Structures are given as structure tokens and as C-alpha cells.
Amino acid sequence: MPALSLQQLQLINFRSYKRLTWDCPPGLNIIFGPNAAGKTNLLEAIGYLALARSFRQQQDQQLITWGANSFQVRGLCHSNGEKIELVINYQQHNNKKLTINGNGNRLIELLGIFPAIYFGPDDLNLLKGGPAYRRHFLDREISMGDRIYCRNLQDYRRILFQRNLLLRAIKAGRGKEEELEPWDTQLLVTGKAILEKRARFLQSLAPVVAATYRDMAGGEKLALIYRPGVADQEEWAERLKAGREREIQAGMTLWGPQRDDFTFTLDGHEARYFASQGQQRAVVLALKLAEARYYREILHVMPVLLLDDVFSELDEERQGALLELLAAADQAFLTTTEVGLLPARLRERSHLWELTRGREPRLTSGPAGAQ
Ligand SMILES: Nc1ncnc2c1ncn2[C@@H]1O[C@H](COP(=O)(O)OP(=O)(O)OP(=O)(O)O)[C@@H](O)[C@H]1O
Ligand SMILES: [Mg+2]
């Protein structure tokens, strides 16, 4: 029995799925169908079981089928020899509710049970997009393996929000500067934990990303570099003190992990400016592959892989690197509009599912030798 897999997915009013019950086998699953058939929606639903959030950086509200006012995602999973039923309910204007094996749980308990890594066309934004994409990536990925980080992050956001409100109140003459002190202390303590964990995460990931890129693309040397919003806690504390007037004028907190970023360089040159399109795709692919390897180490299971229409964009060598990773996965879901464009050796090892809009995926063939 595989260490981690989804056995059954059930959806109610999730995106284009009013109702869906889908029994999905371990191993490789290729989902094919025309544009707008609901392929990405299906991966999004599976990914939702990992973090109770969409990987599309979207609000839960947008996941509700138009015209409905709640959705449910239910997954029956195998995780390290245990059978686990995860149910997440979202009610419009209300909080999410999680039950694990029928018992109500805090959402944070979900983390680490069903880790999944999504890789899709928008991930190029990790390189080309603004820093918010990369912070979003850090937060998702670290949270998946670290509940304390997730809790810290929630605290930090709340503190930041309150502190910003106060800065604006002071600007409007409705607050006093001294009132900032307790918020500053909390900001520094909570923020420090976030900065440290992000630094550690990127430090562990960097050599794996570099090695993955080297094996896959060869040639230039890839480096992943953390660019924290503040160098350390002392510097941060000083900036908060010295920059108080600026912050009041701006009505927002100007320094801290909310300004973090990271970059990639190829032979020392900033990849987002100088890398070719193929190189850019290889960098992002290396990051995703490295992440899967990283989780296998810290969580002792290989995350479920969700690969959204990525094969056709890769050259043969990179397809090979991805195939190698897929061989190590307990379960993976791949989407494509054109099965014929996928490498034959991948198709032969996969379950092929045909998807028509609003319908359940229909099995058209299984892996060679399995039937
Ligand atoms: N909240 C929603 N309620 C109902 N339908 C939705 C909702 N959100 C998205 N959709 C529908 O889902 C469709 C898109 O599905 P999806 O992105 O999964 O397609 P896809 O099969 O991945 O297509 P492509 O091959 O173009 O990527 C859209 O056409 C849209 O009509
Ligand atoms: Mg899609």
C-alpha cells in the first residue's frame, strides 16, 4: 500500500462540480479533456485537501459553484498506513469547518496529513511575478510541514493589521505614538520566528534546487537567494524606531517579513531578467522537484503531485527529469488537453481519465500490465 494517496474525492458545489464522486487509484492518473472541462478545478479540489486553501491564490468565496452558498470537499486518504477521511465545509460569509474521521478539528490539524504539490503554468510567476507570489509560495510550503509556522503567520498578520490601523489613527490625530510600543514588541517577536523559519526553509531547499537544476539542465549554476525584508531583529528594531514618522505618514508598517523576497540567479545573473524562456521554466521546475524531495525528507512521505498541463512546455531532457520524479511518487494527477502529446512511456504507466465538463472523469485505459 502506498504511503500517501487519495482514494476517493467527493465534491459538492465546488467550482464547475455540483456533485462529484470519484474513486481514484494510486499511481499515475492522467486527466484529459478540452479547455474549460474542469481539469484545473479538479486539481484545485485535491490540493484543497492539503491546506484548506486554493493554490490559485484565490478566496474561498470564488470556489463556490455560482448560485450556491457553500461547498464541500471530502477526501478519503491513505496516509502512512492509516485511512483518513477529511471533510472541509465552507459556508459563505462563515468560517471553514474541518472534520477528520468524523471529529471536528481546528483547521491547523489538517497540515501535514495530505501534502500535495501543485505545478502549473502560473508558477512561472514565481520567477517573473512580484514578491507577493514568492511570499505566498513560502507561506504555503512552510505551513504544509510546520503548524507552528502557520500559527505564527496568523498572529503576525493580525498584529500587522492592528498596528497599521493604529498608525493611521495616529496620523489622523486619534492615537498616540506611545501606543505603538506594545505592538512593536509583539511584531518583533512574532516576526522573528517567521524570518528564521523562512531562512531555514530556503537554506535547506537551495542546495537541492541547485543540484536538481544541474542534473536536469546542466550548464549554468543555479542559486536560490533569500532577500529578507530586514537583515536581523536588531536592525529591524532600529528601523522601527528611526522610521516611526515615515510609518505614520505612510499609514503602514514599512519593515518586516511582509517585505521578504527571494531570487534565483544563473551563474550570478538574475534569472528573471536574463534567463531564456526555457531556462525560466527549468528553474521553476527545479524548484518544484526540489520541494517534493524536501518534503519526502521532512514528512517521510512523498507528496501527491498535481501537474497541470506542464509536459507540453518542456523539452525532452526536462520531461525526463519530471518522469523520474513521477516514478518516485505514490500518486500523481496530470492534466492535458491532448494525451497524444504526452511521452508514450508516461501514458503506458498511467490511468487515463477522460473529462467532460460537469461530469465525473471516465476511465478509458489503465496502466499496461495492470489489467
Ligand atoms: N465558482 C465557479 N462556479 C461555477 N463554475 C466555475 C466556477 N469557477 C470556474 N468555473 C468554470 O470552470 C471552468 C474552468 O475550469 P478549469 O479551469 O478547470 O478548466 P480546464 O479544464 O483546466 O481548462 P484549460 O484546459 O483551459 O486549462 C470555467 O470555464 C468556468 O466556467
Ligand atoms: Mg486548466
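Residues numbered from 1 in each chain as written. Chains lettered and ligands numbered in written order. Predicted model: local features only at pLDDT ≥ 70, side-chain atom pairs only at ≥ 80, totals over all residues.

1. Quick notes on the domain arrangement of the protein chain
In step 1: Once the domains are mapped, the protein chain shows domain 1 (1-115 + 301-371) and domain 2 (124-299).
In step 2: Using only C-alpha atoms to locate each centre, domain 1 and domain 2 end up separated by 28 Å.
In step 3: The partner domain 2 presents 19 residues to the 19 residues of domain 1 that form the contact.
In step 4: Looking at the side of domain 1 that touches domain 2, the elements that each hand over two or more residues are helix 1 (39-51) and helix 10 (316-328).
In step 5: Looking at the side of domain 1 that touches domain 2 element by element, the count peaks at 5 residues for helix 10. (Domains from an automatic or database assignment. Contact = placed C-beta atoms within 7 Å. Helix = DSSP H or I, 4+ residues; strand = E, 2+ residues; numbered from the N terminus.)

2. Re the UniProt feature "binding site: ATP" (unreviewed entry) in the protein chain
In step 1: In the numbering used here, UniProt assigns the feature "binding site: ATP" (unreviewed entry) to Gly-33, Pro-34, Asn-35, Ala-36, Ala-37, Gly-38, Lys-39 and Thr-40.
In step 2: Those residues in contact with Gly-38 that sit more than four places away from it in its chain are Arg-15, Ser-16, Tyr-17, Leu-355, Arg-357 and Gly-358.
In step 3: Along the chain, Lys-39 falls in helix 1.
In step 4: With sequence-adjacent residues up to four places away left out, Lys-39 is seen in contact with Ile-31, Gly-33, Thr-335 and Leu-355. (UniProt positions renumbered as here; feature names shortened; annotations may be inferred.)

3. Details of the pairing of strand 5 (residues 82-91)
In step 1: Across 10 bridges, the pairing between strand 4 (residues 70-79) and strand 5 is antiparallel. Counted as the bridge partner of Ser-79 is Glu-82 from strand 5.
In step 2: Where strand 4 folds back onto strand 5 in an antiparallel hairpin, the turn is made up of 2 residues, including Asn-80, whose phi is positive at roughly 50°.
In step 3: Here strand 5 pairs with strand 6 (residues 96-100) via 5 bridges, running antiparallel. The residue bridging Leu-86 from the neighbouring strand is Ile-100, located in strand 6.
In step 4: The turn joining strand 5 and strand 6, which pair antiparallel and follow one another in sequence, is formed by 4 residues; a positive phi near 55° is taken by His-93. (Pairing = 2+ DSSP bridges.)

4. Digging into the site of ligand 1
In step 1: What surrounds ligand 1 is a group of 15 residues, the closest being Asn-35, Ala-36, Lys-39, Thr-40 and Asn-41.
In step 2: For the shell around ligand 1, a count of residues per class yields 4 nonpolar, 9 polar and 2 charged. (Near = placed C-beta within 6 Å. Nonpolar A, V, L, I, M, F, W, Y, C, P; charged D, E, K, R; others polar.)

5. Things to note about the pairing of strand 4
In step 1: Examined bridge by bridge, strand 1 (residues 4-14) and strand 4 share 8 bridges and lie antiparallel to one another. Bridged to Ile-12 within strand 4 is Gln-72.

6. Observations concerning the sheet that holds strand 15 (residues 362-365)
In step 1: Taken in spatial order, the 6 strands line up as 8-12-13-3-14-15 in an open sheet, and their pairing is mixed. The open sheet has two edge strands, strand 8 (116-119) and strand 15, and neither has a second partner. Sheet twist, expressed as the average angle between the axes of neighbouring strands with direction ignored, equals 25°.
In step 2: Here strand 3 (residues 27-32) pairs with strand 13 (residues 331-336) via 6 bridges, running parallel. By the bridge assignment for strand 13, Leu-28 is matched with Ala-332. (Axes fitted to C-alpha atoms, helices over the stretch in contact; angles between N-to-C directions.)

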